[in-house]
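Here is what each chain is made of, one letter per residue.
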Number of protein chains: 2
Amino acid sequence: TRSDHIKDGAAIYARSFAIIRAEADLDRFQGVAERVAVRMIHACGMTDLAGDIVMSEDFASVGEAALARGAPILCDAKMVANGVTPSRLPAGNRVVCTLDDLRVAGLATALGTTRSAAAMELWREEMAGSLVVIGNAPTSLFHLLDMLDGGAASPAAVIGVPVGFVGAAESKEALAADGRVPFLIVRGRRGGSAIAAAAVNALASARE
Amino acid sequence: TRSDHIKDGAAIYARSFAIIRAEADLDRFQGVAERVAVRMIHACGMTDLAGDIVMSEDFASVGEAALARGAPILCDAKMVANGVTPSRLPAGNRVVCTLDDLRVAGLATALGTTRSAAAMELWREEMAGSLVVIGNAPTSLFHLLDMLDGGAASPAAVIGVPVGFVGAAESKEALAADGRVPFLIVRGRRGGSAIAAAAVNALASARE
């Protein structure tokens, strides 16, 4: 058959990661941070993503520790939540996406914002010490900063990698400039749910 | 608040699509095919993706017609299935991902292949006239070609956009070279579930 050479999933992973480490400029990343960068590149097929990845100095250690002690993972999109591999999670961490909650449409109207941003209002009780993961909507990332400005409890760390042409780059720069919470961003337009989930999976386990 | 300028979801879409049409070289795409290319670019934030998108001449019309008459959408990954917007589907089309079926692990062992490829064996009864969407695993795309070689019923069209470093580019070139089924691919390493789902959403509805 046509696919005899690539039927071993583990071997495919190993070869992929070796190619990434040979091709990508990963000098800025060590330890857990390197693991995160490699897996993000793996998710999108682009080794030059490395140049746009920015993490606060404490992001990787804080994010890994938060998951290890059971932090919930609060996701802005179902595609992000579905990309998290349950078997990698170190403490049976809850993976939460509130976008389908029946209260969201009403909240969006009441707050005059998008459904993605309104859905985050339902995170308030779980936000303290959580891992917040924004892989889709710039409005969600801006809304997170608004919530923090308004006194919401702080997550342990934020993965802020919305994708797109309107507001995405600006929302990520705003998160990095804010500096209140350990963060991971991808500068510019690139990002998305697969890259976001890959970062979570890398923080969750050293397994490759 | 920080996000006052981008709280209107519809306006964000309109501006995003206008930016894409201004920046991307879309001359090769007309009508439904143009709509598909624009939405794929929207999903990944990269206007230069246009240069790597290849569709067979009949792909867009056949894919759109298949969905209109109720074709099921057979997805290799849950992230793909979750990225399909139900409200855009023209005929309440079923969105199928068999990866979590309890039979998959046993099938993978028996067939000596990955779980993603084994999961497709459970599509056989629905394959005729379906829209097959491979957004994650090159092994799945190769396995589809193996199944067709072996006499499996033909889908109406195939979206083949796995992402990655080992086998992804080769699997997509193999689909295009095969030519048996109307196809959409992204040449090279880029692809993924978001791009795959975006292509489905564009075929499903003209709404932007």
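Reading guide: rules and limits
- Residues numbered from 1 in each chain as written.
- Chains lettered and ligands numbered in written order.
- Predicted model: local features only at pLDDT ≥ 70, side-chain atom pairs only at ≥ 80, totals over all residues.
- Heavy atoms only, no water.
- Helix = DSSP H or I, 4+ residues; strand = E, 2+ residues; numbered from the N terminus.
- Buried < 20%, exposed > 50% of the residue type's maximum accessible area, 1.4 Å probe, protein only.
- Areas by Shrake-Rupley, 256 points an atom, 1.4 Å probe, with all protein chains shown as cover.
- Lys, Arg positive; Asp, Glu negative; His and termini not counted.
- Charge placed at Lys NZ, Arg CZ, Asp CG, Glu CD.
- Contact = heavy atoms within 4.5 Å.
- Buried area = accessible area lost by both parts, 1.4 Å probe.
- Salt bridge = Lys/Arg side-chain N within 4 Å of Asp/Glu carboxyl O.
- Polar contact = N/O pair within 3.5 Å; in protein donor to acceptor, adjacent residues only side chain to side chain.
- Nonpolar A, V, L, I, M, F, W, Y, C, P; charged D, E, K, R; others polar.
- Core = buried A, V, L, I, M, F, W, Y, C linked by side-chain atoms within 4.5 Å.
- Pairing = 2+ DSSP bridges.
- Axes fitted to C-alpha atoms, helices over the stretch in contact; angles between N-to-C directions.
- Right-handed = clockwise from strand over helix to strand, strands pointing away.

1. Here's the deal with the overall build of chain A
(1) Moving on: Within chain A one finds 9 helices and 6 strands.
(2) Moving on: For the C-alpha atoms alone, the extent of chain A along its principal axes is close to 55 × 35 × 35 Å.
(3) Moving on: Burial analysis of chain A (208 residues in total) assigns 61% to the buried set.
(4) Moving on: When the accessible surface of chain A is split by element, carbon and sulfur atoms take 52% of a total near 7800 Å².
(5) Moving on: Treating the 20 positive side-chain charges of chain A as one cloud and the 23 negative ones as another, the clouds have centres 6 Å apart.

2. Topic: the interface of chain B and chain A
(1) Moving on: In this assembly, 45 residues from chain B lie in contact with 45 residues from chain A.
(2) Moving on: For the pair chain B and chain A, the two sides together bury roughly 3700 Å², of which 64% comes from carbon and sulfur.
(3) Moving on: For the interface between chain B and chain A, the tally reads 2 salt bridges.
(4) Moving on: One salt bridge connects B:R189 with A:E23, and the closest N-O pair in it is separated by 2.8 Å.
(5) Moving on: At the junction of chain B with chain A, the criterion picks out 2 residue pairs in polar contact (both at pLDDT 80 or more).
(6) Moving on: Taken together, the elements giving at least two residues each to the side of chain B that touches chain A come down to α1 (9-23), α2 (32-44), α4 (78-83), α7 (138-149) and α9 (193-204) of chain B.
(7) Moving on: Sorting elements by how many residues they give to the side of chain B that touches chain A places α1(B) first, with 7 residues.
(8) Moving on: Of the residues that constitute the side of chain B that touches chain A, the class distribution is 17 nonpolar, 17 polar and 11 charged.

3. Section: the nonpolar core
(1) Moving on: Counting residues in hydrophobic clusters, the biggest one holds 86 residues, and the most contacted among them are A:I159 and B:I159.
(2) Moving on: For B:I159, the residues in contact, after removing those within four places along its chain, are B:F59, B:L131, B:V132, B:V133, B:I134, B:L184, B:A196, B:A199, B:V200 and B:L203.

4. Describing the pattern of salt bridges
(1) Moving on: Enumeration over the complete set of coordinates arrives at 26 salt bridges over all chains.
(2) Moving on: Between A:E64 and A:R35 there is a salt bridge, with the nearest N and O atoms lying 3.2 Å from each other. A residue pair is termed long-range when its members are at least 10 positions apart, and A:E64 in helix α3 (residues 59-68) and A:R35 in helix α2 (residues 31-44) qualify at 29 residues.
(3) Moving on: The shortest N-O distance in the salt bridge between B:D101 and B:R103 comes to 2.9 Å.

5. Observations concerning the sheet that holds strand β3 (residues 95-96) of chain B
Residues and elements named next belong to chain B.
(1) Moving on: Strand order across the open sheet formed by 6 strands is β1-β6-β5-β4-β2-β3, with mixed pairing between neighbours. Of all strands in the sheet, those bounded by a partner on one side alone are β1 (53-55) and β3.
(2) Moving on: Relative to β3, strand β2 (residues 73-75) runs parallel, the two being bridged by 2 bridges. From the neighbouring strand, L74 faces β3, where its bridge partner is V96.
(3) Moving on: Lying on the sheet, helix α3 (residues 59-68) is in contact with β1, β2, β4 (131-134), β5 (157-160) and β6 (183-186); it crosses β5 at an angle near 110°.

6. Section: the pairing of β5(B)
Residues and elements named next belong to chain B.
(1) Moving on: Here β5 shows two buried faces, one formed by A157 and I159 and the other by V158 and G160.
(2) Moving on: Across 4 bridges, β4 lies against β5 in parallel orientation. Bridging from a neighbouring strand, I134 pairs with G160 of β5.
(3) Moving on: Read from β4 through α7 to β5, the crossover connection turns out right-handed.
(4) Moving on: Strand direction decides the pairing type here: β5 and β6, joined by 3 bridges, are parallel. Bridge pairing links V158 to F183 in β6.
(5) Moving on: Crossover β5 to β6 through helix α8 (residues 168-178) is right-handed.

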